[in-house]
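Tertiary structure, described
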Amino acid sequence: MADPVQSDSVHALIKEMGLTEANIERRKRIVALEAPDLKRIATLGDLIAGNVDEFTATFFDHLAKLEEEPRALLGSRALADKARRLKRDHLLAMARGEYGSKYVEQRLELGLLYSKAGLDPRVFLGAFHQLLKNVGNRAMARSQPPPLESFEAFMSLKKVAFFDIGLIVDVLVFERERVIRQQQEAIRELSTPVLQIRERLLLLPIIGVIDTHRARLITENLLRCIRDNRAKVVVMDVTGVATIDSKVANHLLQTVAAARLMGAVVIVTGLSSDVAQSLVALGIELGKLNTVGDLQGGLEEAERLLGFRMAATDAPAMSAPKEN
Amino acid sequence: MAVPILKQGDFLIASIQAALSDHDLVQLRDELSERVGRWRCRGLVIDVTALDVLDSFATRTVRGIAQTAKLRGAETVIVGIQPDVAFTMVQLGLTFDDVETALDLEEGLALLRRIVRGSFRRAH
């Protein structure tokens, strides 16, 4: 039925989203899907089985009408066929009364497909509603059983539908956030280098947003490097940190204090005028910080502390640009 | 267990080799304070390289040692605080604000020499 690659990613997704048996049961409780509902839904079984192709078509016709959105889904023949097949299976499964992990797996497979095709959740909701409306109309139009019973059966089916919507929307959102999670991870890994720029002098450029997790990584990384490089002075450049609030300032202070415990002096550079003013306005006590205006100044101060003295040679290998 | 206290010129070196009980710490404090006076030391290095935890009592005692030694005429430097220990201490708010720290024994001794010579100006 499902190809192995797809079913692998479905199983991975089930784990990542925490869709345990208990979670599935909870989702059922949320939509109040109970035993009497299953019996009522069973009375719709024949109707759905008999018209399954028409109902499937309702869903995809509605998508086709919204020309701008689902092009990716309908544009590719293979994807569209697969989506149609899964939707058809889904409808048949909806009336079958089994909503366990197998059913959830199938929902996720379809959800993943939508997500791959870039289907907007709102568009999905619209099309799914059209489908349900069609099922409802058909159910009420029957002569037997009486309309009231049909209506109750349809409302029970609707609970399953909402159970499904919950899953599909969760998948769509989860997959969309996956990109964000990956990017955050990438930013974290990229942006905490500790560079040795002179004997016993480290440079720690910080770029981007500092949250608690990242502050911890930065500090641990720095402390390890202080030990490994036997560093005495660290220049921490925060030019790339757009905003520093009390939390971030606190992280910086902690890093500085920890470095001091290991015998290293930290010089903070690159506090912009805006940042400095907002820190003062917030009343954050940074008196313990050793600050120098810019990176160049910080490096010079660090070299002074370490006893280096820079001097220009008489014969530079590269002549300085002429100032006009 | 007892902490070996070595004399090296004008300096004393106390190298803590294993986790100390509170009692051991108090004993170390008394012993160091006594020897600083007896040997007329100018500096004291406490090496904690082997420790993987420094709790609040240990921190307070070590600070106490430093203040006592200062009153008896010797400067104190703590050396060898490990990265994990440093991080944990900072999180607990134990920052040894009034005690000098250095990376290792070599650095500690160099720092002491500078302090004693009076030529070292604290960076902050």
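Residues numbered from 1 in each chain as written. Chains lettered and ligands numbered in written order. Predicted model: local features only at pLDDT ≥ 70, side-chain atom pairs only at ≥ 80, totals over all residues.

1. Some details on the environment of A:Asp237
All names here are of chain A. To be explicit about the condition: Each helix is a run of H or I in the DSSP string that is no shorter than four residues. Each strand is a run of E no shorter than two, and both are numbered from the N terminus. A pair of residues counts as a contact when their C-beta atoms, built from backbone coordinates, are within 7 Å of each other.
Structurally, the position occupied by Asp237 is in strand S3 (residues 233-240). A C-alpha to C-alpha distance of 9.7 Å links Asp237 and Val292, two positions 55 residues apart in sequence. Residue contacts for Asp237: discarding those within four places in its chain leaves Leu203, Leu204, Pro205, Ile206, Thr269, Gly270, Leu295 and Gly298.

2. Some thoughts on the sheet that holds strand S5 (residues 290-292) of chain A
Within a beta sheet, neighbouring strands are joined by backbone hydrogen bonds and run either parallel or antiparallel to one another. All names here are of chain A. Under the convention used in this document: Here, strands pair whenever DSSP counts at least two bridges between them. Orientation is described by lines fitted to C-alpha atoms, with helices fitted over the stretch in contact, and by angles between N-to-C directions that extend from 0 to 180 degrees.
The mixed open sheet is built from five strands, whose spatial order is S1-S2-S3-S4-S5. A strand with exactly one partner marks an edge of an open sheet, and here the two such strands are strand S1 (195-198) and S5. Each adjacent strand pair in this sheet contributes to an overall mean axis angle of 30°, direction not counted. Sheet analysis places strand S2 (residues 201-207) next to S3, joined by six bridges and oriented parallel. In the strand pairing of S3, Leu204 is matched with Met236.

3. A closer look at the packing of helix H6 (residues 77-94) of chain A against helix H7 (residues 101-117) of chain A
Residues and elements named next belong to chain A. Quick note on the threshold: Oblique is the label for any angle not under 35 degrees, not over 145, and not in the 65 to 115 range, which are roughly parallel, roughly antiparallel and roughly perpendicular in turn. By the definition used in this description, the sense in which the near helix is turned from the far one sets the handedness, with an anticlockwise turn below a right angle giving left-handed and a clockwise turn giving right-handed. Three residue categories are used. Nonpolar comprises Ala, Val, Leu, Ile, Met, Phe, Trp, Tyr, Cys and Pro, charged comprises Asp, Glu, Lys and Arg, and polar comprises the others, including Gly.
At their nearest, the axes of H6 and H7 sit 10 Å apart, and the two run at 150° to each other. One finds that H6 runs roughly antiparallel with respect to H7. With respect to the hand of their crossing, H6 and H7 are arranged in left-handed fashion. Residues Leu79, Lys82, Ala83, Leu86, Lys87, Asp89, His90 and Ala93 of H6 lie in contact with H7, whose contacting residues are Tyr103, Gln106, Glu109, Leu110, Leu113 and Ala117. For the contact of H6 with H7, the class distribution of residues is eight nonpolar, two polar and four charged.

4. Let's talk about the interface of chain B and chain A
Accessible area lost on assembly of the parts is the figure often given for the size of an interface. Of the residues lining the interface, 14 residues belong to chain B; the matching set on chain A comes to 16 residues. Among the elements that make up the side of chain B that touches chain A, the one with the highest residue count is helix H3 (residues 83-91) of chain B (five residues). For the side of chain B that touches chain A, a count of residues per class yields ten nonpolar, three polar and one charged.

5. Observations concerning the nonpolar core
Stated precisely, the cut-off is as follows: For our purposes the nonpolar core covers buried Ala, Val, Leu, Ile, Met, Phe, Trp, Tyr and Cys residues that link as a set through C-beta atoms within 7 Å. Exposure is read from a count of other C-beta atoms within 10 Å of each residue's own; the residue is exposed at 12 or fewer, buried at 20 or more and partly exposed in between. C-beta atoms are placed from the backbone.
Core analysis: the largest hydrophobic core is formed by 70 residues, its most contacted members being A:Ile226, A:Val234, A:Ala259, B:Leu44 and B:Ala86. The element best represented in this core is helix H11 (residues 246-261) of chain A, accounting for seven residues. Ignoring any residue separated from it by four or fewer positions in sequence, one finds A:Ala259 in contact with A:Leu222, A:Leu223, A:Ile226, A:Val234, A:Ala264 and A:Val266. Core analysis: the next-biggest nonpolar cluster, separate from the first, contains 35 residues, A:Leu19, A:Leu131, A:Val135 and A:Leu157 among them.

6. Considering unusual backbone geometry
Even without a glycine there, the phi angle at A:Ala32 is positive, about 55°. Note that A:Ala32 resides in the loop between helix H2 (21-30) and helix H3 (35-42). A:Ala32 sits in the exposed class, given 11 other C-beta atoms within 10 Å. The residue B:Arg40 is not glycine, and still its phi comes out positive at about 50°. Within the element layout of this structure, B:Arg40 appears in the loop between helix H1 (22-38) and strand S3 (43-47). With 11 C-beta atoms counted inside 10 Å, the residue B:Arg40 sits in the exposed group.

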